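Each chain, letter by letter, is given below.
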Amino acid sequence: MNLKLYINRLTEEVKSNIQNDFNINNVAFKNFSSFDYINFYLIYKYILNEDKEDFFISIPEDDYRPNFFASIFQSLVLIKLFQNYFYHNNHKPILRINDLVYGKIGKENRILIIKGVGPDTLRIHLKFPKKNENGAVNTLIPFKNQTKINPNLTNGRNTVKYIDTYKEFLNENFGVNFPFITDFSKRTLVISETTFFSENDSLPVNYTNKKGKNKNELPFFNYLIECCNDFNTAKSYLLDNEYTFDEIVVIGDTKYRECFIDILQECKWKGKVNNVIIIGTNEPSTEHTFKKWLWSNQEIRIANNENYKIISKEVVKFENLYNELINFSSLIDNYKTEFNINLSFVLRYLNFFYKIIVTDSNISKGIYQEYADRLLHYFSSDSFEEDLKNNFYKNDIYNHSQINECKESIIIHFKLIAAILQDRNPKWEVIVSKSRELQKFYLLVEKKSYDIIKNQLQKNRINNVVLVSDKRIDNKILYWDKCFNDEFNTENKIFVIPYLNNYDVLNRLYELKGKTIVLCYEYIDEIAFDKLIKKKLADEDSRITHCDRNSFIKTKYCLKEEPSKHNPLDSLFDLDVYLRDKSNTSNEELELPKDKILYDILFSDGSTEKFESTKGIFLIENNEQIKTTIGEIYVEAKIRFYQNNNPEVFKKILKIFDSEGLLKSFDSYSESWRITLKKLFINHNSIETLHSKIFDTSNKINLGTFKNYFDNNSSTRFPRIKVLNAIKNHCERIGLINELIVTDYDKFVVYSKKDHSIRQQAGRLLGSDLLDYIASNKTEKSDALKKLNDEIIEQLIDTIVEKVIKQKIISNEE
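Residues numbered from 1 in each chain as written. Predicted model: local features only at pLDDT ≥ 70, side-chain atom pairs only at ≥ 80, totals over all residues. Heavy atoms only, no water.

Colleague: Give a description of the confidence of the model for the protein that names residues and reports values.
Modeller: Within the protein, residue pLDDT values average 85, and 94% of them lie at 70 or more. In the model, residues 577-589 has pLDDT below 50 throughout and makes 34 contacts with residues more than four positions away in sequence or in other chains. (pLDDT = per-residue confidence, 0-100. Contact = heavy atoms within 4.5 Å.)

Colleague: Describe a positive patch on the surface, listing the residues and the values that go with them.
Modeller: Taken together, Lys651, Lys652, Lys655 and Lys664 make up a surface patch of like positive charges. Considering each element in turn, the positive patch owes the most residues, three residues, to helix 19 (residues 647-657). Tracing the backbone shows Lys655 in helix 19. Exposure remark for Lys655: the relative accessible area of 60% places this residue in the exposed category. (Patch = residues over 30% accessible without salt bridge, like charges linked within 9 Å, V, L, I, M, F, W, Y side chains within 5 Å. Areas by Shrake-Rupley, 256 points an atom, 1.4 Å probe, with all protein chains shown as cover. Salt bridge = Lys/Arg side-chain N within 4 Å of Asp/Glu carboxyl O. Lys, Arg positive; Asp, Glu negative; His and termini not counted. Charge placed at Lys NZ, Arg CZ, Asp CG, Glu CD. Helix = DSSP H or I, 4+ residues; strand = E, 2+ residues; numbered from the N terminus. Buried < 20%, exposed > 50% of the residue type's maximum accessible area, 1.4 Å probe, protein only.)

Colleague: Quick rundown of empty space enclosed by the protein? Include the residues and the values.
Modeller: Applying the stated criterion across every chain, the model contains two cavities of 30 Å³ or more. Put simply, the largest cavity is a space of about 90 Å³. Taken together, Phe352, Phe353, Tyr368, Tyr371, Ala372, Leu375, Leu376, Phe379, Ile411, Phe414, Lys415 and Ala418 make up the full set of residues lining the largest cavity. When contributions to the lining of the largest cavity are tallied by element, the ones reaching two or more residues are helix 10 (351-355), helix 11 (362-379) and helix 13 (400-423). With six residues, the top contributor of residues to the lining of the largest cavity is helix 11. Taken together, the residues of the lining of the largest cavity sort by class into eleven nonpolar, no polar and one charged. Approximately 30 Å³ is the volume found for the second largest cavity. Taken together, Val190, Ser192, Glu193, Phe196, Phe197, Tyr207, Cys227 and Cys228 make up the full set of residues lining the second largest cavity. Looking at the lining of the second largest cavity residue by residue, the class counts come to six nonpolar, one polar and one charged. (1 Å grid on protein atoms, 1.4 Å probe; cavity = no way out; pocket = protein on both sides within 12 Å on 5 of 7 lines; lining within 4 Å. Points joined across faces, edges and corners; volume = space filled by probe spheres on them. Nonpolar A, V, L, I, M, F, W, Y, C, P; charged D, E, K, R; others polar.)

Colleague: Could you give an account of helix 19, with specific residues and numbers?
Modeller: Listed in full, the buried residues belonging to helix 19 are Val649, Phe650, Ile653, Leu654 and Phe657. Buried residues of helix 19, seen end-on, are gathered within an arc of 145° and therefore sit on one face of the element. Relative to its buried face, helix 19 has exposed residues pointing more than 90 degrees away, namely Glu648 and Lys655. Packed against the buried residues of helix 19 are helix 20 (663-682), helix 25 (745-775) and helix 26 (790-798). (Arc of directions from axis to C-beta.)

Colleague: Just give me the short version of the pattern of salt bridges, but keep the residues and values in it.
Modeller: Summed over all chains, the structure comprises 40 salt bridges. Residues Glu511 and Arg508 are paired through a salt bridge, measuring 3.6 Å at the closest nitrogen-oxygen approach. Residue class for Arg508 comes out partly exposed when judged on its relative accessible area of 22%. Through salt bridges with shared partners, a single network forms among Asp667, Arg717, Asp755 and Arg759.

Colleague: Before we move on, can you summarise the packing of helix 20 against helix 21 (residues 687-694) with the specific residues and values?
Modeller: Their axes nearest at 9 Å, the elements helix 20 and helix 21 cross at an angle of 110°. Viewed along their axes, helix 20 and helix 21 adopt a mutual orientation that is roughly perpendicular. Of the residues in helix 21, those touching helix 20 at Leu677, Leu680 and Phe681 are Ile687, Leu690 and Ile694. In the contact of helix 20 with helix 21, the residues fall into six nonpolar, no polar and no charged. (Axes fitted to C-alpha atoms, helices over the stretch in contact; angles between N-to-C directions. Parallel < 35°, antiparallel > 145°, perpendicular 65-115°, else oblique.)

Colleague: I'd like a rundown of the sheet that holds strand 13 (residues 311-316), residues and numbers included.
Modeller: Read across the open sheet, the five strands follow the order 13-17-16-14-15; overall the sheet is parallel. The open sheet has two edge strands with one neighbour each: strand 13 and strand 15 (465-469). Strand-to-strand, the axes of this sheet are offset by a mean angle of 30°, without reference to chain direction. Here two bridges tie strand 14 (residues 441-445) to strand 16 (residues 494-497), and the two strands are oriented parallel to one another. (Pairing = 2+ DSSP bridges.)

Colleague: Kindly report on the packing of aromatic side chains, identifying the contributing residues and their values.
Modeller: For the structure on display, the rule yields 56 aromatic pairs. When the centroid spacing of 5.1 Å and the interplanar angle of 90° are considered together, the rings of Trp480 and Phe484 count as edge-to-face. One exposure class covers both Trp480 and Phe484, and it is buried. Measuring from centroid to centroid gives 6.3 Å for Phe488 and Phe495, while their planes differ by 65°, and the two rings are edge-to-face. We classify Phe488 as buried; its relative accessible area is 16%. Given a relative accessible area of 3%, Phe495 falls into the buried group. Aromatic rings pair up to connect Phe22, Phe29, Phe32, Tyr37, Phe40, Tyr41, Tyr44, Phe82, Tyr85, Phe86, Phe174 and Phe178 into one cluster. The cationic tip of Arg508 hangs over the ring face of Phe484; the distance from NZ or CZ to the ring centre is 3.7 Å. The ring of Tyr503 has Lys535 sitting right over it, with the charged end atom 4.7 Å from the ring centre. (Phe/Tyr/Trp six-rings, centres within 6.5 Å; stacked < 30°, edge-to-face > 60°. Lys NZ or Arg CZ within 6 Å of the ring centre and 35° of its normal.)

Colleague: Got a sec to walk through the nonpolar core? Specific residues and values, please.
Modeller: Of all hydrophobic cores here, the largest spans 85 residues; its most connected members are Phe328, Leu350, Phe353 and Leu443. Top contributing element to this core by residue count: helix 13, with nine residues. With sequence-adjacent residues up to four places away left out, Leu350 is seen in contact with Leu325, Phe328, Phe414, Ile417 and Leu572. Grouped together as the second largest cluster of nonpolar side chains are 76 residues, Phe68, Leu78, Trp293 and Tyr557 included. (Core = buried A, V, L, I, M, F, W, Y, C linked by side-chain atoms within 4.5 Å.)

What follows is the structure, encoded as structure tokens:
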């Protein structure tokens, strides 16, 4: 059974179950979709069930449909009135002399005072006679189902109008014989956005604001439904009296996420409410048990008469890349088969190549080279060496030449793949082709590539492609979150996504009303797309087939199993590891080696600088200013960058990030390990000898790097942890046990990490944040820049220089 047929049958079942008690042709149901009818039925069936658990309705979207709040409001009003009708029939109030009632005199309903009660008739006077009427007229009316109204009722300008409207509402929805109920024993408390509360002065619904103010101008002794905006208001003004409620209904995650235990404590466990109904995206994070109805995204779309959302996959052929990946994958499989060694963890670094759409140009060569540098740096790092060796050593393979041969093979494959994509980029070719076919479309790109892709579009004279940054740049540039604003998110838009491997992103794509196209290399990242879609469908189906549905409806949804297709490159895309659905892990953390590269840059004016690869700079090319990073820049490029030549200002910036006030300690510890090294040097003939004494094959570092430690101009504040540990161990071996690196080694480890973190944050502020500020014409300050006064910011801007790169090499300094 397809989903649309399921929703149709479910709606038919729901309507047939409620039409005996409610006239579904009345105005209250006029704008109800299937979604509204089903929600109405769920609440109706739940409320009328006496013995029940608490109830959770999951609506897996951040934004509710326009009619959602109105339909839930109408549902609760109708259901609670229906429930009170049965209670009223069994507990009819006794009418006495001077009670106010609402009844018919001739053809008109009026507010009446009872002056006598007989077995079949009531003797009444008019409560609010008109100018030409005598209120004290002895009139007899039939004793039917009159109900007492609030004796404190005043004759306001709209009092009679409101009362008449309420009576009309009852007649329309329940018939003319439905009693004029004014005292409600079955009541509901609602916590929701104010958009839930319908401004209808005639209904027995009251809204209490945060100051406790509410209206009390109607003929009711109490209110059918009490509404407020948050739990604190409910606790202060609605739960502090003798009234109790049948249920509390809380709508929206923000209304219960932080206070659900308090809601249970103050409402249910103190006997103020019998049951709790939660309507939101995520179930409260407690062990509290609920009866559940889990809506799925597609189900909601169809139930609201919207189109079934399809994320289109456009397959892009790239045989050269596919063949090389087969070779690479075979190498990994061979090690797994022959030696039981699993090296598949390196395959995640291939994701960089599937998503890149930068074409053959100077800047693209720089991007590929920087990634190659980062990979080579990673492959020569301690962490990779350890991972690699551990895999071999587990199988008693200690052959260093074999291990190195394996590492070299991996590096060769990465270089070959980079060369293939540098030669041509089929995904970009598809984007160019679409720009000729379509009038306009939106292209999602990473923030760091925004300027580069923008420049690339201009070079190709493409002006009908609108770039969307995955993260916010400034208010003028369209970014991802803005795409979901109501005024922007329309069905006539087309989005092109160059690469998809993130479950959270996929879920958001389903919220876009327009057409969505994901570009996939055939048999390569196409696998990632297919696995994500399969997971999405499985998650949707698990919600629709949740066992709790059986307690509400009989209609069943039949699953249709699709057989999985085997692909030789399946191992490249492990759903559990690489296609994660953890929103706190960025693509870059997953797909790029974490270690940053340090470059030695020689400029044409003879000056030199050391920069981390991620330092933000402006590339000046063809009179265009392109924001990028130092790692992606090529020789002969003209760049603009912040030059750290104002130590006092830099210290002020460091203090911003030094929340623990440890900078002075960092400085003293940074000096200490160098002093210890110089003491050790005195006892040996040369740096080379000391190098051989301190390090063995397990922790050896480059001799050139070691020599840099003795250079007074070296910028290395702390070496790697393994170097600190080797120095400490050597001091202990030769009896130099009073050195700070021995006595306070644990602090060295902590301080080196914190010092690096603080300087890295400062570097980001002086690189990317400062350049973003300039690029936005000094209108967009980052949170870090906001901590600096304008005078310091201007001092920083004054140090921005423009230079041409003559030489760029990876630094030996670690």
